[in-house]
Amino acid sequence: MPSQTHLKILREEIRQHNYRYHVLDAPIISDGEYDRLLHELKAIEAEHPEWITPDSPSQRAGAPPASKFDKVPHPAPILSLANAFGAEDTRAWFERIQKMDNRISEATFTVEPKLDGLTVVLHYKDGVFDQGATRGDGEIGEDITANLRTIKAIPLRIPVNSDQCPVVSGQDELPLFKDSPSLITEYSPPEYLVVRGEVFITHADFAALNKRQEEAGEKTYLNPRNTAAGALRQLDSRVTATRPLTLFIYQIVHAEGGEVPNSQWERLEYLRELGFPVNTDSRHFDDLEEMIHFVEGWEETRDQLPYEADGIVIKIDDRALSDSLGIVGKDPRGAIAYKFPSLEVTTTLNDIRVEVGRTGVLTPKAILEPVEINGVIVRNATLHNFDFIAEKDIRISDRVLLKRAGEVIPYIIASITEARPKHARAILPPSNCPACEQPIEHFEGEVAYYCVNAACPAQLIRNIEHFVSRGAMDIVGLGIKIVEQLVNEGLVGDVADLYSLSKDDLLALEGFKEKKANNLLDAIRASANQPLNRLIIGLGIRGVGESVARDLTLHFADLDALRAATQEDLESIEGIGPNIAAAIVDWHLLPFNQEMLGKLRDAGLNPSGQLTVDDGQPALLEGLTFVITGTLPTMSRKEAKEYILARGGKVTGSVSSKTDYLLAGEKAGSKLAKAKALEVKVIGEDELKEMENNVSV
Ligand code: IVH
C-alpha cells in the first residue's frame, strides 16, 4: 500500500536526481532508473489524485492550452542596464558613481556573463513555485507559470528553513563558491521570495534541436534566443515542454518573512544553496583594474562559452550601497552592462548552393564574400529553407546581415534591401535535383522541397554517412571521403552493398593499402552484430532517430515485424505521431528499400530481440511473449512494455498463436477479439504485476 510518507520520500528522491541532472549536470543514476522512479510516482498519484501537489515532480509535463496570458504585477520594477563599450566606458562609470558617493572607492564587484535570453520572474510562496512571469514593461509581466513549470532546471520547491536544505551536498567539487560558509543557516529563507533569471537555450542543445528538425524535413529554428522566446510564449505548455530551455537565476527581486545577504556575490551563493541554477562562470573582484582585465579576457574567449553571452554585467557588490545610488530612467546606477562587440556583420551574398540531405531535403546554403567575425573568416552560412528566403526577400548579390555565435553555423538574418544592386537575382527553389537531375517534389503543408529519387547519389552518400555514424552502425574508419569514393566508383549503390565489398574492391581505390583495406572490412563485418535499434536508426527513415528507434524496438521483434506494421499499429505507439508513422510505412513501400532490406538479410543482418535493459531486473518473464492493447489503469502502454522488457519478456505488435498473453486494458478492440479467437490468455495490469510473484526462477 502506498503511503503519503513513501510518496514524500519518493518525491524528494526524484527532486534530488532532477537537480543533479538539470542544475549540476552530474547525474548519479541512469535515465532508465530515473524514469522508473517517476513512473512509480505517477502510478501512486493516479491511484490517489487527492495527494497531488503543485510542487510534485510529476507536474512538469505541460498543461492543456490557455487562451491568453494573464497580467502579473511585479513586486518591484524589473530594471534594465546602461551599456559600457570597453574599458574606458567602465572606468568612466566607476568615476561617476564614486563622485556621487565616496564609499564606492572601497566597493567590490560581482561580474556575471550577460546571457542573451529572456528575463523571467519567479515567485515562491512558502517554498513552493507559485507563479512565473515575463518581464513585460518592467512593471507588469505576463503569467507564463504553466510554461515555466516544464523547465526542469527550475525548482518547484525550495527550502523554507535551513534544515530543509539538502540540495547542496556533494557539490564541493564545483570550482566556484568552494570556500563559502553555508549561508542558508545564517539567513533564514524568506516565506515569500521573488527571483529573476534568464531563460536560454545552450549552443549544443540548439544545434541538436535543429539537426532533428532538418532530419525530419521540418523548419529549422533561426536562432537560440527567438526559439526560447517562442517557446515561452506558447499557449500550449506541452509544446514548451519539448524545447530544451534552461535558465540561470541572478537576482533577488523581493523577499518577505526571512532574510537575504546584502552582498550580490553572497546572494548568488545563497540562491545556489536554495537549489536554483546559478551561473558558475560568475566572479568576484576587489579591484577595478583586475576586474577590467578579467572582463577583457572574457571577451576573447566568449566563443568557448556553452551559451550565448552578449556581454558581462558588472555589479557593485554591496546591494544597499548600490541601491542608494538610485536609477536613471530604467537603469540602476550601481550596475553596468559591458557589451561585447556585435557578432553581426554585413557582407555580399555571392551565390547559393543547394545541398541534398539524407532524406532528400534540399537545403539552400549561402556562398558569401568572405568576412571576419570575431577572428573567424566566414564563407558559408545557412539560409534555412526556401520559405525563409522568400519571406525575407533575400536575393543573390544582396548585402546581407550575418551572425556567428559560438560553434553554431553562421546564419543570415536579413538582407539589406536599401542597398540592393540592380542586377540582384531572386532565388527560387530548383525544379530538378542538383545532384541527380530528377524532378523535385514539394508536399502540401510542408516547407521542405525534396528529391524523391531513392537512387540519388547525393542522398546515397548522406545515407551511408548516416548508416555508418556513431549512433547507428558505428563503422569506424568509414569517413565521408571514402563513402564518396565508394559511391562515385559505383561500388556501393545502397547501404547493404557495404557488406559485399571485397578486399580487391578496396585496393583498387586511391589511398588504400592492404592494412587499411583489412581494417575497414573488419569494421564493416563487426557492425553486422549491432542490435536492432541501431540498425533501425541506420536505415535513415524520416523522423526516426534514437528515441523513436528505441520505441520501435520496444514494439517490434525484428525488421520483418516492423515492415508488417500498419499506419495504425505505429500510431498506437506512444511518442509516434501520424507523420512518423506514415514515413515508416512509405519507406517500406519503396522497392529500392525493400530490395535493400533483402540484401541486408542475405548479408546476415537480421537482428532480433529487444533492447538491452540496463537495470539488472531479474528476468522473471523470460521466454514469454506479450501483446498490449487498450488503456491500462496506471501504466501507459509504453511503460507496460518497458516493464515487461525489463523482466526479460518480449512484446510484439500483433496477436498470433505465438502470443502467450494479451495484456488488455479498457477499450481493447480487435486485438482482444483475435486473442479470444486464438485462445490466447488475456490478463490485466494487476495480473501482470502478480505474475512477477508467481513465476518461479
Ligand atoms: S542584472 C538591475 N544580470 O541583460 C538589474 N541582467 O539590461 C538588471 N541579463 O534584459 C539586470 N544576464 O535580462 C543582470 N547576470 C545578469 C544578466 C542580465 C542577462 C539581461 C537582463 C536584461 C539585460 C540587462
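Residues numbered from 1 in each chain as written. Predicted model: local features only at pLDDT ≥ 70, side-chain atom pairs only at ≥ 80, totals over all residues. Heavy atoms only, no water.

K.L.:
For the site of the ligand, give the residues involved together with the corresponding values.
P.N.:
Residues in contact with the ligand amount to 15 residues; listed here are only the nearest, L81, E112, T119, E198 and K315. At 3.2 Å from an oxygen atom of the ligand is found a side-chain nitrogen or oxygen belonging to K114. Between E198 and the ligand, the recorded distance is 2.6 Å, taken from a side-chain N or O atom to an oxygen atom. Here the ligand loses 88% of its free accessible area of 510 Å² to cover by the protein chains. Listed by contribution, the elements that provide at least two residues to the shell around the ligand are β3 (109–115), β7 (192–200), β8 (246–256) and β10 (309–316). Per-element accounting of the shell around the ligand gives the leading share, four residues, to β3. Grouping the constituent residues of the shell around the ligand by class yields seven nonpolar, three polar and five charged. (Near = heavy atom within 4 Å. Polar contact = N/O pair within 3.5 Å; in protein donor to acceptor, adjacent residues only side chain to side chain. Areas by Shrake-Rupley, 256 points an atom, 1.4 Å probe, with all protein chains shown as cover. Helix = DSSP H or I, 4+ residues; strand = E, 2+ residues; numbered from the N terminus. Nonpolar A, V, L, I, M, F, W, Y, C, P; charged D, E, K, R; others polar.)

K.L.:
Lay out the sheet that holds strand β2 (residues 83–84) with the relevant residues and their values.
P.N.:
Within the open sheet, the five strands sit side by side as β2-β13-β10-β3-β9. Their pairing is mixed. Looking along the sheet, the strands with just one partner apiece sit at the ends: β2 and β9 (283–285). Two elements, β10 and strand β13 (residues 335–339), share five bridges in a ladder whose sense is antiparallel. The residue of β13 that forms the bridge with K315 is A335. Along the sheet, helix α9 (residues 264–273) makes contact with β3, β9 and β10, crossing β3 at roughly 55°. (Pairing = 2+ DSSP bridges. Contact = heavy atoms within 4.5 Å. Axes fitted to C-alpha atoms, helices over the stretch in contact; angles between N-to-C directions.)

K.L.:
Tell me what's going on with the environment of L645, and back it up with residues and numbers.
P.N.:
Mapped onto the secondary structure, L645 falls in helix α23 (residues 637–646). Exposure remark for L645: the relative accessible area of 5% places this residue in the buried category. Residues L645 and T625, spaced 20 residues apart in sequence, show a C-alpha to C-alpha distance of 9.9 Å. (Buried < 20%, exposed > 50% of the residue type's maximum accessible area, 1.4 Å probe, protein only.)

K.L.:
Help me get a handle on helix α14 (residues 480–488), residues and values and all.
P.N.:
Taken together, the buried positions of α14 are occupied by I482, V483, L486 and V487. Buried residues of α14, seen end-on, are gathered within an arc of 135° and therefore sit on one face of the element. Away from its buried face by more than 90 degrees, α14 exposes K481 and N488. Contact partners of the buried residues in α14: α13 (457–467), α15 (503–507) and α16 (514–527). (Arc of directions from axis to C-beta.)

K.L.:
Tell me what's going on with the nonpolar core, and back it up with residues and numbers.
P.N.:
Ranked by internal contacts, the top residues of the largest apolar core, which has 54 residues, are I475, L498, Y499 and L552. Leave out the neighbours within four places in its chain, and L498 touches I464, F467, V468, I475, L478, L486, V492 and I524. Judged by nonpolar contacts, the second largest core, of 39 residues, contains A153, L156, Y187 and V278. (Core = buried A, V, L, I, M, F, W, Y, C linked by side-chain atoms within 4.5 Å.)

K.L.:
Run through the side chain of E142, naming residues and quoting values.
P.N.:
Checked against the element boundaries, E142 lands in strand β6 (residues 140–142). Apart from the residues within four sequence positions on either side, E142 is in contact with F69, D70, K71, V72, G132, A133, T134 and R233.

K.L.:
Kindly report on the environment of E391, identifying the contributing residues and their values.
P.N.:
One can find E391 in helix α12 (residues 386–391). Along the sequence, E391 and P439 sit 48 residues apart, while their C-alpha atoms lie 24 Å from each other.

K.L.:
Run through the sheet that holds strand β24 (residues 650–652), naming residues and quoting values.
P.N.:
A sheet is described by the order of its strands in space; here four strands give the open sequence β24-β23-β25-β26, paired in parallel fashion. Strand pairing shows two members of the sheet lacking a second neighbour, β24 and β26 (681–683), which therefore form its edges. On average, each strand axis in the sheet is tilted by 35° relative to the strand beside it, whichever way the strands run. Inspection of the sheet shows strand β23 (residues 625–629) paired to strand β25 (residues 661–664) by four bridges, in the parallel sense. From the neighbouring strand, F626 faces β25, where its bridge partner is Y661. Each of β23, β24 and β25 touches α23; the most contacted strand, β23, lies at about 170° to it.

K.L.:
Give a detailed account of the confidence of the model for the protein, specifying residues and quantitative values.
P.N.:
For the protein, the average pLDDT comes to 88, and 94% of its residues sit at 70 or higher. Element-level mean pLDDT values for the protein span from 76 in helix α25 (residues 685–694) up to 98 in β7. Overall, residues 166–179 carries pLDDT values under 50, and its contacts beyond four positions in sequence, including any with other chains, amount to 28 contacts. Here residues 611–617 scores under 50 on pLDDT; set against residues more than four positions off or in separate chains, the count is twelve contacts. (pLDDT = per-residue confidence, 0-100.)

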